[in-house]
Amino acid sequence: MITVALAKGRVYKAFNKFLADKGLNDYAEALTDGGRDLFREVGGVKFIFAKGKDVPTYVEQGIADLGVVGSDTIAEKSFNVLNVSELPFGQCRLAIAGPTNLDESDIKVVATSFPNITRKYFNQQKQDVSLIFLNGSVELAPILGLSDAIVDIVQTGTTLKQNDLEEYKTILSVQARLIANKQSFYTKEKEIYKFMQEIEVV
C-alpha cells in the first residue's frame, strides 16, 4: 500500500474533480465527502487529509509516500522531497493586492502568509518593506489599516473585488504538484508508478 497526502481546500477539490474527469470513480467517490475523516483507503492507496503547509512535512518524514500540494507551499519553504511532476489543475497565482489606486512604490507594510516568497520578491525589487505574517483572512489587513498591501493567493479575484481591493502584480504562478518521499520513490517504485499511471501523470 502507498500513502498519498492531500492538501485540504482548493487543491483537494481540484484533485477530486481531476479524478472524476479521468473516470477514476473509485478514487473520486471515496474522496468526494471526506467529512471529518483523517484518511480514506481505496484499493491499495491510503489518502490522508492534511493542511496544505503540512503535506510536504508528512512526505519528507516518510509518513506519506506521495503528496499533492500547491507549488506555493514548496516554494515558500525548502523540503527534502522529490518534486516529481506538475499536475494539470490547481492553477492560481500569488499576487500583490491592495486598495484601489495604490502606488506600488508607496508600499511600506505588507501582510502575507508567504513571508519568504514575499521578502525575496521585494528584495529583488530593492524595495524596503516590513512584513506582517498572518495565517488567514489576509484581505482584512489593508481594510483595517494593518498594512498597505497584501501578498496572497488569487484564483478568480472575486474576494478582492468584493472588498474593494485591486490586484496589482503576479509574483508567482501556482499550480498543483506531485511530490514524493525520496526513499519511498525507490522502495515502492512499482506501486507509485502504478498510481501515477492511473492518474496519467507519467
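Residues numbered from 1 in each chain as written. Predicted model: local features only at pLDDT ≥ 70, side-chain atom pairs only at ≥ 80, totals over all residues. Heavy atoms only, no water.

S.K.: Can you tell me about the UniProt feature "domain: ATP phosphoribosyltransferase catalytic" (unreviewed entry) in the protein, naming the residues and giving the values?
M.R.: Mapped onto this numbering, the UniProt entry gives "domain: ATP phosphoribosyltransferase catalytic" (unreviewed entry) at residues 52-200. Taken end to end, residues 52-200 has its terminal C-alpha atoms 23 Å apart, with 30% of it in helix and 32% in strand. (UniProt positions renumbered as here; feature names shortened; annotations may be inferred. Helix = DSSP H or I, 4+ residues; strand = E, 2+ residues; numbered from the N terminus.)

S.K.: Lay out the sheet that holds strand β11 (residues 176-180) in plain terms, naming residues and giving numbers.
M.R.: The strand order across the open sheet formed by 6 strands is β2-β3-β1-β4-β11-β5, and the pairing between neighbours is mixed. Edge positions in the sheet fall to β2 (39-42) and β5 (82-86), since each of these pairs with one other strand and no more. Taken pair by pair, the neighbouring strands of this sheet meet at an average axis angle of 25°, ignoring direction. Contacting β1 (2-7), β2 and β3 (45-50), helix α2 (residues 25-32) crosses the sheet at an angle of about 160° to β2. Across the sheet, helix α9 (residues 189-198) touches β1, β3, β4 (66-70), β5 and β11, and the angle it forms with β1 is around 50°. (Pairing = 2+ DSSP bridges. Axes fitted to C-alpha atoms, helices over the stretch in contact; angles between N-to-C directions. Contact = heavy atoms within 4.5 Å.)

S.K.: Please give an account of the packing of aromatic side chains that cites residues and values.
M.R.: By the definition in use, this model includes 10 aromatic pairs. On the basis of an interplanar angle of 85° and a centroid distance of 5.5 Å, the ring pair of Tyr12 and Phe49 is categorised as edge-to-face. Of this pair, Tyr12 sits in helix α1 (residues 10-21) while Phe49 sits in strand β3, placing them 37 residues apart in sequence. Residue Tyr12 shares its accessibility class with Phe49, and that shared class is buried. Members of the aromatic cluster, joined through ring pairs, are Phe15, Phe18, Tyr27, Phe47, Phe89 and Phe195. (Phe/Tyr/Trp six-rings, centres within 6.5 Å; stacked < 30°, edge-to-face > 60°. Buried < 20%, exposed > 50% of the residue type's maximum accessible area, 1.4 Å probe, protein only.)

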